[in-house]
Amino acid sequence: MWLSQQKYVERVIRRFNIGDAKPVNTPLANYFKLSKSSCPSSKKEIEKMEAVPYSATVGSLMYAMVCTRPDIAHAVVMVSRFLSNLGNDHWEAVKWILRYLKSTSNMCLCFGGTKPVLEGYIDSEMAGDLDSRKSTSGFLFTFAGGAVSW
């Protein structure tokens, strides 16, 4: 059984005008160091960033992540921390995720490719949040080769 959101991802890419952007092969590049220091400090910068459809874009990414795209979960969590006060670096990271989705729009979940075994994986980073020094952890459970929880 295959679960795909290819049409949804393609609509999101069109909606946010990423169709002509260069595709990338990772959900979020290592050089994105997202923190509060990237948030705007002047009134002019704040007004400029209010015109950016950040919340709508992150919401669209969250929907894809929750339904069929565990590969973007970490990246979406990182950018969603700045929904109320975003800077240009945060917006660039969101566009990067969209470019990744563009290059992987046909990716889907496949169930039944292996034995019906439940497997779990976990990973964490220590003090990865640049602002609070809090740790981040993640998990993935698969059944019969397909992700069922992340």
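Described in the following lines is the structure provided in the data block.

Criteria and thresholds
Residues numbered from 1 in each chain as written. Predicted model: local features only at pLDDT ≥ 70, side-chain atom pairs only at ≥ 80, totals over all residues. Heavy atoms only, no water. Disulfide = S-S within 2.5 Å. Buried < 20%, exposed > 50% of the residue type's maximum accessible area, 1.4 Å probe, protein only. Pairing = 2+ DSSP bridges. Helix = DSSP H or I, 4+ residues; strand = E, 2+ residues; numbered from the N terminus. Axes fitted to C-alpha atoms, helices over the stretch in contact; angles between N-to-C directions. Core = buried A, V, L, I, M, F, W, Y, C linked by side-chain atoms within 4.5 Å. Contact = heavy atoms within 4.5 Å. 1 Å grid on protein atoms, 1.4 Å probe; cavity = no way out; pocket = protein on both sides within 12 Å on 5 of 7 lines; lining within 4 Å. Points joined across faces, edges and corners; volume = space filled by probe spheres on them. Nonpolar A, V, L, I, M, F, W, Y, C, P; charged D, E, K, R; others polar.

What about the state of the cysteines?
(1) Moving on: Counting across every chain of the model gives zero disulfides.
(2) Moving on: With no disulfide of its own, Cys 67 lies closest to Cys 108 among cysteine sulfurs, the gap being 14 Å.
(3) Moving on: Left unpaired, Cys 108 is separated from the closest cysteine sulfur, that of Cys 110, by 6.8 Å.
(4) Moving on: Of the residues examined, Cys 108 reaches a relative accessible area of 25% and is grouped as partly exposed.

Digging into the sheet that holds strand S4 (residues 136-143)
(1) Moving on: Spatially, S3-S4-S5 is the arrangement adopted by the three strands of the open sheet, whose pairing is antiparallel. Two strands lie at the open edges of the sheet, namely strand S3 (118-125) and strand S5 (146-149), each paired on one side alone. Averaged over neighbouring strand pairs, the angle between their axes works out to 35° when direction is ignored.
(2) Moving on: The sheet contact formed by S3 and S4 spans eight bridges and is antiparallel.

A word on the nonpolar core
Nonpolar side chains in soluble globular proteins generally cluster together in the buried interior.
(1) Moving on: Of all hydrophobic cores here, the largest spans 35 residues; its most connected members are Leu 28, Tyr 54, Ile 72 and Val 79.
(2) Moving on: Elements supplying a minimum of two residues to this core: helix H1 (6-15), helix H3 (54-67), helix H4 (73-80) and helix H5 (88-103).
(3) Moving on: Aside from chain neighbours lying at most four places away, what touches Leu 28 is Ala 75, Met 78, Ala 93, Trp 96 and Ile 97.

A look at the layout of surface pockets
(1) Moving on: Taken as a whole, the largest pocket holds about 470 Å³ of empty space.
(2) Moving on: Lining the largest pocket are 14 residues, with Ala 73, His 74, Ser 137, Gly 138 and Phe 139 positioned closest to its centre.
(3) Moving on: Elements with a contribution of two residues or more to the lining of the largest pocket: H4, S3 and S4.
(4) Moving on: If you add up the space inside the second largest pocket, you get close to 250 Å³.
(5) Moving on: Its residues assigned to classes, the lining of the second largest pocket comprises six nonpolar, three polar and two charged.

Limitation: the analysis is restricted to geometry and does not speak to function.
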